Amino acid sequence: QVQLVESGGGLVQAGGSLRLSCAASGRTFSNYAMGWFRQAPGKEREFVAGISWRGSNTDYTDSVKGRFTISRDNAKNTVYLQMNSLKPEDTAVYYCATQDRPFGWGSEPYDYWGQGTQVTVSS
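Heads up: these notes are all about the structure in this document. Each chain has its residues counted from 1, running along the sequence as written. Side-chain atom pairs in this predicted model are given and counted only at pLDDT of 80 or more, local residue features only at pLDDT of at least 70, and totals for whole chains, interfaces and linings cover all residues. Working from all heavy atoms in the structure, the side-chain values ignore hydrogens and water.

### A closer look at unusual backbone geometry
Then, in step 1: Positive phi, close to 55 degrees, is recorded for Asn-77, a residue that is not glycine.
Then, in step 2: Within the secondary structure, Asn-77 sits in the loop between strand 7 (68-73) and strand 8 (78-83).
Then, in step 3: Relative accessibility decides the category of a residue: with a 1.4 Å probe and only protein chains considered, values under 20% of the type maximum give buried, values over 50% give exposed, and everything between is partly exposed. In this structure Asn-77 comes out as partly exposed when scored by relative accessible area, which is 29%.
Then, in step 4: Even without a glycine there, the phi angle at Phe-103 is positive, about 60 degrees.
Then, in step 5: Its location among the elements puts Phe-103 in the loop between strand 9 (92-98) and strand 10 (112-113).
Then, in step 6: Of the residues examined, Phe-103 reaches a relative accessible area of 46% and is grouped as partly exposed. In this text, helices come from DSSP runs of H or I with a minimum length of four residues, and strands from runs of E with a minimum of two, each type numbered from the N-terminal end.

Next comes the structure, spelled out in structure tokens:
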């Protein structure tokens, strides 16, 4: 059974940085693409970033390009989201996600989700 546990959220001032982590278990982590999504109050959940199973390809939504970086450490079964130059509009619950199919790309559909971690950016 796939389990995803996020950590690293919190309250930060605009312009600050946070690093989110997601620990995965239940299967061979290195075979699967990983991603981050977010959901702000009153809005639909949106894709933020994805990384392929090899880690060689990454995808980002336009609003975070140049500010956020997704990475993975297969030895630790962990995916990260480094968030710099944070803005109040980045405030949301951030979710880690993975795919049911192995050897995928970060831009493909996701099937499993963590419980989320709150990120709040004050102005």
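### Quick notes on the environment of Gln-39
Then, in step 1: Its place among the elements puts Gln-39 in strand 4 (residues 34-39).
Then, in step 2: Distance in space between the C-alpha atoms of Gln-39 and Thr-28 is 28 Å, their sequence separation being 11 residues.
Then, in step 3: Whether two residues touch is decided by their heavy atoms; if any such pair falls within 4.5 Å, the residues are in contact. Discounting residues that sit within four places of it in the chain, Gln-39 has contacts with Glu-44, Arg-45, Ala-92, Val-93 and Tyr-95.
Then, in step 4: Polar side-chain contacts of Gln-39 include one of 3.0 Å to the backbone oxygen of Lys-43. For the purposes of these results, a polar contact is taken to be a pair of N or O atoms within 3.5 Å, where, inside protein, one atom must be able to donate a hydrogen and its partner to accept one; residues adjacent in sequence count only when each atom of the pair is a side-chain atom.

### Things to note about the environment of Gly-16
Then, in step 1: Mapped onto the fold, Gly-16 is located in the loop between strand 2 (10-13) and strand 3 (18-25).
Then, in step 2: For the pair Gly-16 and Asp-100, spaced 84 residues apart in the sequence, the C-alpha separation amounts to 34 Å.
Then, in step 3: Leave out the neighbours within four places in its chain, and Gly-16 touches Met-83, Asn-84, Ser-85 and Leu-86.

### A short note on the pairing of strand 5 (residues 46-51)
Side-chain direction in a regular strand flips from residue to residue, so the side chains alternate between the two faces of the sheet.
Then, in step 1: By the bridge criterion, five bridges tie strand 4 to strand 5 in an arrangement that is antiparallel. Directly across from Trp-36, in strand 5, lies its bridge partner Ala-49.
Then, in step 2: Linking strand 4 to strand 5, which pair antiparallel, is a turn of six residues; within it Gly-42 sits at a positive phi near 75 degrees.
Then, in step 3: Strand pairing is assigned whenever DSSP detects at least two bridges linking the two strands. Taken together, the three bridges between strand 5 and strand 6 (residues 58-60) define a ladder with antiparallel strand orientation. Looking at the pairing, Gly-50 lines up with Asp-59 of strand 6.

### Quick look at the pattern of salt bridges
Then, in step 1: When a carboxyl oxygen of Asp or Glu is within 4 Å of a side-chain nitrogen of Lys or Arg, the pair counts as a salt bridge. Summed over the entire model, instances satisfying the criterion amount to five salt bridges.
Then, in step 2: For the salt bridge of Glu-46 with Arg-38, the shortest nitrogen-to-oxygen distance reads 2.6 Å.
Then, in step 3: Given the relative accessible area of 31%, Glu-46 is considered partly exposed.
Then, in step 4: Assessed through its relative accessible area of 6%, Arg-38 is described here as buried.
Then, in step 5: The salt bridge involving Asp-111 is made with Arg-101; its shortest N-O contact spans 3.2 Å.

### Describing the state of the cysteines
Then, in step 1: When two cysteine sulfur atoms lie within 2.5 Å, the pair is treated as a disulfide. The tally for this structure, following the rule as stated, stands at one disulfide.
Then, in step 2: Across the disulfide, Cys-22 is cross-linked to Cys-96 (sulfur-sulfur distance 2.1 Å). Where Cys-22 bonds to Cys-96 through sulfur, the torsion about that S-S bond is close to -80 degrees, and the disulfide is left-handed. Separated by 74 residues along the polypeptide, Cys-22 in strand 3 and Cys-96 in strand 9 bring together distant segments of the chain. Considered together, Cys-22 and Cys-96 belong to a single accessibility category, that of buried residues.

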